[in-house]
Amino acid sequence: MGYLEAIVLGIIQGVTEFLPVSSSGHLELAKALFGGHLIPQESLTFTVVLHFATALSTMVVLKKEVFQIVKGLLKFSWNEELQFSLKIIVSMIPAVFIGLFFEEELETFFSGQILLVGFMLIITSLLLLFADKAKNSNKGVSFFNAIVVGISQGLAILPGISRSGATISSSVLLGIDRTTAARFSFLMVVPLIFGKIGKDVFSGAINFHNSQIGLLTAGFFASFFAGLFACKWMIALVKKSKLSYFSIYCFVVGVAAIVVTLMNK
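Residues numbered from 1 in each chain as written. Predicted model: local features only at pLDDT ≥ 70, side-chain atom pairs only at ≥ 80, totals over all residues. Heavy atoms only, no water.

1. Some remarks on the overall build of the protein chain
Operational definition: Helix and strand assignments follow DSSP, with helices taken as H or I runs no shorter than four residues and strands as E runs no shorter than two, numbered in order from the N terminus. Each residue's exposure class comes from its accessible area (1.4 Å probe, protein chains only) as a fraction of the maximum for that residue type: buried when under 20%, exposed when over 50%, partly exposed otherwise. Each accessible area is a Shrake-Rupley result for a 1.4 Å probe, and residues are judged covered by the shown protein chains and nothing else.
For the protein chain, the count of helices and strands is 13 helices and zero strands. Counting helices and strands in the order they occur from the N terminus, the protein chain gives α-α-α-α-α-α-α-α-α-α-α-α-α. Classification of the 265 residues of the protein chain by burial places 50% in the buried group. When the accessible surface of the protein chain is summed, it comes to about 12800 Å², and 71% of that surface belongs to carbon and sulfur atoms.

Take a look at the structure:
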């Protein structure tokens, strides 16, 4: 992989992490187009670094919300900020469970499984279509909602299932306010990414070789700046009920991935 490929992959991650079209699915498609030279461990390392970049971009865009949460937690009382933080923790449980007990199985999904990506993109397309037709509501996030949305996030570990698409769609279908759904969706993944990176680094699963630092850095910054733009844009799009466009896109790309894969067999 060269620097151009690293930057392109970073931009794809930064944009698709927030747009409901599956960042992991598009990364796998892009890697396949570039020749798929990365082995599973290297591919996973690069993917984790790009996700770390988008986590930071989320915190920058939603810095007001992050600051309010931290400020509320420091009051050490049963306030809205503490409850919101607990809901985020609850939403993390399904993904943490899947990540801890099925880590080896998950790594095999990040090694050119284009046919799987195609079918999962079609599922994402259907989720977005249903959510786009849901009625607007002013409801907030309850603890029950957090569990359901967390299950959606856990399933979105599969490449091709959009994490933001699955979590925002399930939130909207549960009647949660669209803007609240988008913000909760973006914030709930931040602790997971930091936790995943910490676990992989300390366990030795991720090894940063000197030859990779330049490529990882290029991908990181490309993903970070693309994420800043995409995060702001996606919040505005969800508020305006524009998910159907992404539904069509996911369906077309999913079908194309399936057709190309089957033709090459």
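2. Some thoughts on helix α2 (residues 23-33)
Of all eleven residues in α2, nine are buried; the element is thus mostly enclosed. Looking only at α2, the buried set comprises Ser-23, Ser-24, Gly-25, His-26, Leu-27, Glu-28, Leu-29, Ala-30 and Lys-31.

3. Structural notes on the layout of surface pockets
Selection rule: Points on a 1 Å grid, built from protein atoms alone, make a cavity when a 1.4 Å probe fits but cannot get out and make a pocket when they are open with protein on both sides within 12 Å along at least 5 of 7 lines; residues with an atom within 4 Å of a point are the lining residues. Grid points are joined across faces, edges and corners, and a volume is the space filled by probe spheres set on the points. Under the scheme applied here, ten amino acids are nonpolar (Ala, Val, Leu, Ile, Met, Phe, Trp, Tyr, Cys and Pro), four are charged (Asp, Glu, Lys and Arg), and all others, including Gly, are polar.
Taken as a whole, the second largest pocket spans an internal volume of roughly 360 Å³. Sorting the residues of the lining of the second largest pocket by element identifies α4 (63-73), α5 (80-101) and α10 (178-188) as the ones contributing at least two each. A per-element tally of the lining of the second largest pocket places α5 first, with five residues. Residue composition of the lining of the second largest pocket, grouped by class: five nonpolar, four polar and five charged.

4. Some points on the nonpolar core
What counts is decided by this rule: For this analysis, a nonpolar core means a set of buried residues of the types Ala, Val, Leu, Ile, Met, Phe, Trp, Tyr and Cys, connected via side-chain atoms within 4.5 Å. What makes two residues a contact is simply this: any of their non-hydrogen atoms within 4.5 Å.
In terms of nonpolar packing, the biggest core is built from 53 residues, with Leu-29, Ile-168, Phe-184, Phe-186 and Met-234 touching the most fellow members. Here this core gets eleven residues from one element, more than from any other, and that element is helix α12 (residues 210-239). Setting aside residues up to four positions removed in sequence, Met-234 forms contacts with Phe-18, Leu-19, Pro-20, Ile-168, Phe-186 and Leu-243. Ranked by size, the runner-up nonpolar core spans five residues in total, among them Val-48, Val-189, Ile-193 and Ile-197.

5. Let's talk about the pattern of salt bridges
Let me state the cut-off plainly: Here a salt bridge means any side-chain nitrogen of Lys or Arg lying within 4 Å of a carboxyl oxygen belonging to Asp or Glu.
This structure, assessed with the given rule, holds two salt bridges. Across the pair Glu-17 and Arg-163 runs a salt bridge whose closest N-O atoms are separated by 3.5 Å. Linking Glu-17 in the loop between α1 (3-16) and α2 with Arg-163 in helix α9 (residues 163-173), this pair joins segments that are 146 residues apart in sequence. In this structure, Glu-17 and Arg-163 share a single accessibility class: buried. A salt bridge links Glu-65 to Arg-183, with the nearest nitrogen and oxygen atoms 2.4 Å apart. Of the two residues, Glu-65 is situated in helix α4 and Arg-183 in helix α10; the sequence distance between them amounts to 118 residues.

6. Remarks on the environment of Gly-99
Mapping Gly-99 onto the fold places it in helix α5. A sequence separation of 97 residues divides Gly-99 from Lys-196, and the C-alpha atoms of the two residues are 8.5 Å apart.

7. Quick word on the confidence of the model for the protein chain
Applied cut-off: One confidence number per residue, pLDDT, is output by the predictor and ranges from 0 to 100.
Residues at a pLDDT of 70 or more form 88% of the protein chain, whose mean pLDDT is 82. When mean pLDDT is taken per element in the protein chain, helix α8 (residues 143-155) scores highest with 91 and helix α6 (residues 103-107) scores lowest with 63.

8. Things to note about the packing of aromatic side chains
As a reminder of what qualifies: Pairing of aromatic rings covers Phe, Tyr and the six-membered ring of Trp, with a centre-to-centre limit of 6.5 Å; geometry is then stacked below 30 degrees between planes, edge-to-face above 60, and tilted otherwise. Our definition puts a charge over a ring when NZ of Lys or CZ of Arg is within 6 Å of the ring centre and also within 35 degrees of the ring normal.
Applying the stated rule across the entire model yields eight aromatic pairs. Here the aromatic rings of Phe-52 and Phe-220 are separated by 5.9 Å at their centres, their planes lie at 35°, and the arrangement is tilted. On the criterion of sequence distance, the pair formed by Phe-52 in helix α3 (residues 40-61) and Phe-220 in helix α12 is long-range, its members being 168 residues apart. Centroid distance Phe-84 to Phe-184: 5.6 Å. Interplanar angle 85°. Geometry classified as edge-to-face. Pair noted here: Phe-84 is in helix α5 and Phe-184 is in helix α10, with a separation of 100 residues, a long-range link. Clustering of aromatic rings is evident, with ring pairs tying together Phe-52, Phe-194, Phe-220, Phe-221, Phe-224 and Phe-225. The cationic tip of Lys-87 hangs over the ring face of Phe-143; the distance from NZ or CZ to the ring centre is 5.5 Å.

9. As for a nonpolar patch on the surface
Applicable threshold: For patches, a residue must show more than 30% relative accessible area and have no salt bridge; joins then use 9 Å for like charges and 5 Å for nonpolar side chains, namely Val, Leu, Ile, Met, Phe, Trp and Tyr.
Side chains of Ile-248, Phe-251, Val-252, Val-255, Val-259 and Met-263 sit close together on the surface and give an oily, nonpolar patch of about 570 Å² of accessible area. When you line up the elements, Val-255 lands in helix α13 (residues 243-263).

10. As for the environment of Val-8
Structurally, the position occupied by Val-8 is in helix α1. By relative accessible area, which is 29% here, Val-8 ends up partly exposed. In sequence terms Val-8 and Ala-222 are 214 residues apart; their C-alpha atoms lie 7.6 Å from each other.

11. Examining the packing of α5 against α8
Relative placement of two packed helices is described by the angle separating their axes and the distance separating the axes. The condition that has to hold: Axis angles are defined between N-to-C directions and span 0 to 180 degrees, where every axis is a line fitted to C-alpha atoms and, for a helix, only to the segment in contact. Working rule for handedness: look at the near helix, and if it is turned counterclockwise from the far one by less than a right angle, call the crossing left-handed; if clockwise, right-handed.
The N-to-C vectors of α5 and α8 enclose an angle of 35°; their axes lie 7 Å apart at closest approach. Both α5 and α8 take part in a crossing whose hand is right-handed. Residues Gln-83, Leu-86, Lys-87, Val-90, Ser-91, Met-92, Pro-94, Ala-95 and Ile-98 of α5 lie in contact with α8, whose contacting residues are Phe-143, Ala-146, Ile-147, Gly-150, Ile-151, Gln-153, Gly-154 and Leu-155. Here the residues of the contact of α5 with α8 sort into eleven nonpolar, five polar and one charged.

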